[in-house]
Amino acid sequence: MIATLLRIVLRRLLAAVPILVLVSMMLFGILRLLPVDPAAMSVPPNATREEIETVRRDMGLDRPIPEQYVRWALTLLRGDFGTSIHYRKPVGPLLAETLPATIELALAALVVAGFLGIGGGLGLFHVRGTWKAAVGDLGSTALMSIPSFLWAIILILIFAVAFRAMPVAGRLDMAFARPPGTGFLLLDAILAGRLDLLASAAKHLVLPAFALGLSFSPPIMRVLRSGLHDVYAEDYIRQARLRGLDEGRILIGHAARNAMLPTATLLGVQFGFLFGGTLLVEVLFSFPGMGGLMVEAVRNTDLPVIQAIGLTYCLVVLAVNAVTDIVCLLLDPRLRAN
Amino acid sequence: MRARAAWRSGRVRIGGILVAIVLVAGILAPWLAPHDPEAQDLLALLLPPAWAPGGQAAFPLGTDTLGRCVLSRLIWGARVALYVAILASLGAMILGGVLGHVAGYFGGWVDRLISRAVDVWMSFPPVVLSLVLMVGLGVGINNVVLAIILVDWTRFCRVLRADVLTVMNRDYVTAARLAGFGHVQTIWREVLPATLPLLATLVSLEMGMAVVVEAILSVVGMSVEANVPAWGVMIADSRQAMYQAPWNLILPMVAILVAVLGFNLLGDGLRLALDARQSGARAEAP
Amino acid sequence: MTILRAERVVVAADLEGARVPVVRDLSFRLDEGKVLGLVGESGAGKSMIGRAIANLLPPRFATVEGTLRFLGADLVAMDADKRRALLGRDIAFIPQEPRAALNPVYTIGHQFDEHLARLGVASGRERRGLARDHLAAVHLRDPEHLLEAYPHQLSGGMCQRVLIAMAFASDPKLVVADEPTTALDVTIQARIVDLLSEMRRTHGTSVLLITHDLRLAARVCDDILVLYAGRPAEYGPARAVFERPAHPYTRCLQLASPPLDGPRRKLQSLPEHMPTLRALAALQGCRFAPRCPTRIETCSREPALLDRGHDHVVACHRAEADLALSPEIEHPGPARRISAPVVKVESVGKVYPGPRRWLGRAPDVVALADVSFEIGRDEFVGLVGESGSGKSTLAKILLGLEAPTTGKASVAGIDVTDPSATAREARITAIQMVFQDPQSALNPRRRVADIVTQAMIAGRRRASWEERLAKTKTILAEVGMPADLALRYPAELSGGQRQRVNIARALCSAPSVLVADEIVSGLDVSVQAQLLNLLGRLRAELGFAMLFISHDLSVVRHLCDRVLVLEKGRVVESGPTEGVFASPASPYARALLRAVPPDDLATPWRPFAEAEDAAA
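The structure presented is a predicted model; accordingly, all values stated were derived computationally and were not measured. (Residues numbered from 1 in each chain as written. Chains lettered and ligands numbered in written order. Predicted model: local features only at pLDDT ≥ 70, side-chain atom pairs only at ≥ 80, totals over all residues. Heavy atoms only, no water.)

**Student:** Describe the overall build of chain A, with residues and values.
**Tutor:** On a plain count of helices and strands, chain A comes out with 13 helices and 0 strands. Along chain A, helices (α) and strands (β) appear in the sequence α-α-α-α-α-α-α-α-α-α-α-α-α when read from the amino end. Reported as C-alpha extents along the three principal axes, the dimensions of chain A are approximately 85 × 55 × 40 Å. Within chain A, contacts between residues separated by at least 24 positions form 70% of all contacts whose residues are at least 6 apart in sequence. For chain A, the exposed area adds up to about 15,700 Å²; of that, 68% sits on carbon and sulfur atoms. Counting 29 positive and 24 negative side-chain charges, chain A places the centres of these two groups 7 Å from one another. (Helix = DSSP H or I, 4+ residues; strand = E, 2+ residues; numbered from the N terminus. Contact = heavy atoms within 4.5 Å. Areas by Shrake-Rupley, 256 points an atom, 1.4 Å probe, with all protein chains shown as cover. Lys, Arg positive; Asp, Glu negative; His and termini not counted. Charge placed at Lys NZ, Arg CZ, Asp CG, Glu CD.)

The following block contains the structure:
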């Protein structure tokens, strides 16, 4: 069984490679549609035409586009993410600073969304058929209409403007210095044994994580609720009842795992959207993650940064897709028939 | 018959009313708005709404950092939101719908090709892709519409393809082919009527999403041109003065919420009404 | 000792405030070690009884009157926990769809283990050993490996054996089997029935067998209770009820089933169908009277259960009189001369390539291999085979929906693989199909007239709505339906009516050949008889050939001149129906025929005369 699972994992990972290549080509192609000339942008405003031409040749912008792409891809594979036009620094370290922050935020948001979503879904299912369920349904539709950036603003207005209770900027209180380590603040704080750092990092994480989590929990609630609904209509649940099993055992021992299948799939898909949602939430909370970097780069038409970050976002989504597939395979033996 | 049943649903009614409010505001903007949305009154900066202390009747909902009337900007912003919502969702529906039907109906390598394209496309988080597209296309409201179409067609395609596959399983589609209907005729006669309810729901939901995406792009500054009022721009502008003038932040937010909630309720209500009719009709026969 | 006793049980449904009884006046007695058959068509209420015993009735249904005593204790009035304690232990259930009744995400071993744990077996090792033993007791090979398998890896028959093993694991006093063989292939059905009998004998269990098959019940059960519209029509010893039925419904049921042996006879068809739940609320008097061929004035009063002696009771006013319902023997018509063949199939094979794998390919699936036959102009040819035999693939090839990998096939002189427009046009009037599932075969959004005459506006053809409506009414008359159904929607029609619309649609382009793919499976016996009679009449009036695909041998025998037997994609036997059925040459055909219980109860039913292993 382990062998089949490993084989499936390998196959998924290998299948992701051509997708990654196509994605990078798409990214490259879109950005080359630019009406702006990146060469002109990276030189001082009073540069002569010859100087611009020199820069252009240096950046390789005079070559045909497919060749530019291949050069870029090769440098990427060597680990060189290019140099930011705006910051005049290599992109790699910029990414390394900001990526952990975004991932930490996304994971925290996933935890929030998971708890709210699964709890809500179970609750909605429990009160099904009553008026409470109708209210809950309407409520989840209403909640779904609030995108994450609006939640961010609402939470900021409530907790910072109205009540001044929670921090709404950055990852740590100004007083603290960042501990060395992985870049995942919560982890680093624990490893360093600094509880005060941990508390500060956690407090800063709460509002952004909830902004994202609140907006992504309603679909999870619905899918779990309808998943449970479908599962309970199945024959094997009826047969389990006819064997005399009590409702608790039926829920945990039979229904739960089957209802988790569509839920797990949705969680995987939602994570992609959630990860994209971090972009604006980071900006609104001045959270130093990839989102802030991307927005800066977009405003400055900083092509190398845009390309690198765009590719990183996709990499994460592809990785999450692969993980979701594997989880589904573990949950549902029928999928392993392939 | 079906439309009447849909109308009876509370969600459709409330959603419809909310959408109608936005529609009226957008269409009648030149006559409804009390001021020119771009007119700056430097003597009346950051005024609160008329009912709050310090407010003026001339500016019912107050003014922003440049002295522009918030109410007028909201009303004109509805225009931008609607323009984007309607055009983008129709465009995404046509592009995604056609490809989804083609993939589901013909199957084989056509399906594989389209599905692979959708997979690649969906590897981008939508926000990131629309941002990248705006960088490539340049700022402007028509580019926003184009960007949203190019991002969201994949969702239409995937969902519709699944629906089409279900319909293709039905024997009446095979029967139509056996009777001599051509491919286009078969899709038009047998497949489309079955997928139409889902299409309508998706379009409504998509309109809500388009409003959100436009707002996100506006906040980042990659949406409409500089002198066009949009709700997202209003939010971006008012962030610095958030503590002194929270109303400037709250009001455009409410506008976005009303629009999105309206479209979502409408779409949800349509889905439930049309779904119920299908299952209800089938439950009739013994 | 009486294991289960029902006394005047009433199960009612709450329909928009009104209480509509689904089961009425139900009284029976099941003694230790005996088998009671509850026989009825769909909608008669028989499944409700099984659910009432477990008290797992659907929402808004409840047992409102009467007592249902299990070993003296009333199941209806019993405390919920006490009743739940009985389930799975003293009362076990065997379901209709075995594959759906097992949780797909857990192994067989896991589910068996859970069941045994509930029964009180404490040690895990003991549970595993017991599970192995129980699986071996139902003749499943290699129980050790089976414990690690998932339900989707097992066939329907194997899953049913597992469920039977679980049911009997607790040595129950009562086993309720709800249509346990309906979803299985014919040869597997016989084995499962045999297994049930064996387990019953070994454990001394009483069995309540719920089924629609009167013939099967007569063989397997000690007593039979025939249910119509929720009320017992007849109840007595199996032999008596089957050989000397007192109720006209039972008699009609028998006469509506085509016999497998003995002389061919006309099928007794009952008009319309059993009243639905909604219609029931409005009816008075004997519920069967509207369809009864022998009704009289008094039938407007509901008949009580009359005792005919020897424990045989019947609910009919005319029970004493001898019913003049004797089978009309059908004389075989003049021998049909095989005219020029309208369908020619030569060495057709169909192979589906296996899906690509990392290393090489998975094995190809051979759906058909070297199939050759012909169908004459007015011939009805039956195609018999179990699931996976390739019947549907062959139908698709003839209709041009799929291309054969090898060989040739032609219909009315046109090659089925010819892609040209003229060929496709010609094929529309050459061959048409009647589909199996009336639900999925009719577009629910179109009116009957639109569906039936869709061929008139296909491709380049044009026709006005008046023309189509007129044509619809003509065809509807031909298939025996009133003209006012032309403007209805499929949802407003019954199953039998929908199937007629299906046939009407196929007849619209006046094809030379009709392909009927299991069109009467899933229909009630009485409705099936209507359709078979209809097909016979249409054949005489319109003249067309038919490839009649079915797994039901008695239906094939009744309708078809010749029969082809398909096993795993190959034709293992072909010839005139009577000849093949009287003395089948191939072992497979023999097994198929033996799997159906003979009509004459005196003839012993031995499905396994030849040595076979139990890899069901």
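Right, picking up where we left off after that structure.
**Student:** Summarise the packing of aromatic side chains; cite the residues concerned and give the values.
**Tutor:** All names here are of chain C. Overall, the coordinates contain 10 aromatic pairs over all chains when judged by the stated rule. Between Tyr228 and Phe288, the aromatic rings sit 5.0 Å apart at their centres with planes inclined by 80 degrees, giving edge-to-face as the arrangement. One end of the pair, Tyr228, is in strand β9 (residues 223-228); the other, Phe288, is in the loop between α11 (277-282) and β11 (306-307), and 60 residues separate them in sequence. Taking relative accessible area as the criterion, Phe288 reaches 2% and is therefore assigned buried. With a centroid separation of 5.3 Å and 65 degrees between ring planes, the pair formed by Tyr249 and Phe288 is classed as edge-to-face. Placement of Tyr249 in helix α10 (residues 248-256) and of Phe288 in the loop between α11 and β11 is noted, with a sequence separation of 39 residues between them. (Phe/Tyr/Trp six-rings, centres within 6.5 Å; stacked < 30°, edge-to-face > 60°. Buried < 20%, exposed > 50% of the residue type's maximum accessible area, 1.4 Å probe, protein only.)

**Student:** Describe the sheet that holds strand β6 (residues 91-94) of chain C, with residues and values.
**Tutor:** Residues and elements named next belong to chain C. The 8 strands are arranged β6-β7-β8-β3-β9-β10-β12-β11 in an open sheet whose pairing can be described as mixed. Each edge of the open sheet is held by one strand with a lone partner, namely β6 and β11. In terms of strand pairing, strand β3 (residues 35-39) meets β9 through 4 bridges, oriented parallel. When the bridges of β9 are listed, Gly37 appears paired with Ile224. (Pairing = 2+ DSSP bridges.)

**Student:** Would you mind going over the packing of helix α4 (residues 70-106) of chain B against helix α7 (residues 141-168) of chain B in detail, with residue names and values included?
**Tutor:** Residues and elements named next belong to chain B. Running from N to C, α4 and α7 cross one another at 35 degrees; their axes reach a closest spacing of 5 Å. The handedness of the crossing between α4 and α7 is right-handed. Residue composition of the contact of α4 with α7, by class: 23 nonpolar, 8 polar and 2 charged. (Axes fitted to C-alpha atoms, helices over the stretch in contact; angles between N-to-C directions. Left-handed = near helix turned anticlockwise from the far one by under 90°. Nonpolar A, V, L, I, M, F, W, Y, C, P; charged D, E, K, R; others polar.)

**Student:** Got a sec to walk through unusual backbone geometry? Specific residues and values, please.
**Tutor:** Residues and elements named next belong to chain C. In this structure, His139 is a non-glycine residue whose phi angle is positive, near 60 degrees. As for its placement among the helices and strands, His139 is situated in the loop between α4 (124-137) and α5 (143-147). Residue class for His139 comes out partly exposed when judged on its relative accessible area of 37%.

**Student:** Talk me through the sheet that holds strand β1 (residues 2-15) of chain C; I want residue IDs and the actual numbers.
**Tutor:** Residues and elements named next belong to chain C. Spatial strand order, β2-β1-β4-β5: 4 strands in an open sheet with antiparallel pairing. At either end of the open sheet lies a strand with only one pairing partner, and these are β2 (18-31) and β5 (73-74). In this sheet, β5 lies alongside strand β4 (residues 61-70) in antiparallel orientation, the contact comprising 2 bridges. Residue pairing for β5: Phe70 is matched across the bridge by Ala73.

**Student:** Break down the interface of chain A and chain B for me, citing the residues and quoting the values.
**Tutor:** Chain A puts 47 residues into the contact, and the matching count from chain B is 39 residues. Here chain A meets chain B over a buried area of about 3,900 Å², counting both sides, of which 82% is carbon and sulfur. Inspection of the region where chain A meets chain B yields 2 salt bridges. Between Arg11(B) and Asp137(A) there is a salt bridge whose closest N-O contact spans 3.9 Å. At the junction of chain A and chain B, the tally comes to 7 residue pairs in polar contact (both at pLDDT 80 or more). Taken together, the elements giving at least two residues each to the side of chain A that touches chain B come down to α1 (2-31), α6 (131-144), α7 (148-162), α11 (247-284), α12 (290-299) and α13 (303-331) of chain A. By residue number, the principal contributor to the side of chain A that touches chain B is α7(A), which donates 8 residues. Of the residues in the side of chain A that touches chain B, the class split is 37 nonpolar, 6 polar and 4 charged. (Buried area = accessible area lost by both parts, 1.4 Å probe. Salt bridge = Lys/Arg side-chain N within 4 Å of Asp/Glu carboxyl O. Polar contact = N/O pair within 3.5 Å; in protein donor to acceptor, adjacent residues only side chain to side chain.)

**Student:** Lay out the side chain of Gln270(A) in plain terms, naming residues and giving numbers.
**Tutor:** Residue and element names in this part refer to chain A. By the secondary structure assignment, Gln270 is in helix α11. Exposure remark for Gln270: the relative accessible area of 9% places this residue in the buried category. Those residues in contact with Gln270 that lie beyond four places of it in its chain are Phe216 and Pro219.

**Student:** Give a detailed account of α7(B), specifying residues and quantitative values.
**Tutor:** With 28 residues, α7(B) should reach 40 Å at 1.5 Å per residue; the first-to-last C-alpha distance of 39 Å fits that figure. The sharpest bend along α7(B) reaches about 35 degrees and sits at Asp152(B). (Expected span 1.5 Å × (residues − 1). Bend = angle between axes of the 7 residues up to and from the residue.)

**Student:** An account of the confidence of the model for chain A is requested, with residue identities and associated values reported.
**Tutor:** For chain A, mean pLDDT is 83; residues scoring 70 or higher make up 94% of the total. Across chain A, element-level confidence peaks in helix α10 (residues 235-242) of chain A with a mean pLDDT of 93 and bottoms out in helix α2 (residues 38-41) of chain A with 62. (pLDDT = per-residue confidence, 0-100.)

**Student:** Can you lay out the interface of chain A and chain C for me, pointing to particular residues and giving the numbers?
**Tutor:** Taken together, the contact between chain A and chain C spans 27 residues of the former and 25 residues of the latter. Summed over both partners, the interface of chain A with chain C comes to about 2,400 Å²; 56% of that surface belongs to carbon and sulfur atoms. When the buried surface of chain A facing chain C is broken down by residue, Gln239(A), Leu242(A) and Arg243(A) rank first, second and third, together holding 27% of it. For the pair chain A and chain C, the number of links is 1 salt bridge. The salt bridge involving Arg249(A) is made with Glu114(C); its shortest N-O contact spans 2.8 Å. At the junction of chain A with chain C, the criterion picks out 12 residue pairs in polar contact (both at pLDDT 80 or more).

**Student:** Lay out the pairing of strand β8 (residues 206-211) of chain C with the relevant residues and their values.
**Tutor:** All names here are of chain C. When you tally the buried positions in β8, you get 6 out of 6 residues, the bulk of the element. Side chains Ser206, Leu208 and Ile210 project from β8 onto one buried face, and the interleaved Val207, Leu209 and Thr211 project onto a second face that is buried too. Sheet topology places β3 next to β8; 5 bridges connect them, and they run parallel. Its bridge partner lying in β8, Val35 is registered against Val207. As judged from the 5 bridges shared by strand β7 (residues 174-178) and β8, these two strands associate in the parallel manner. Its bridge partner being in β8, Asp178 is matched across the sheet by Ile210.

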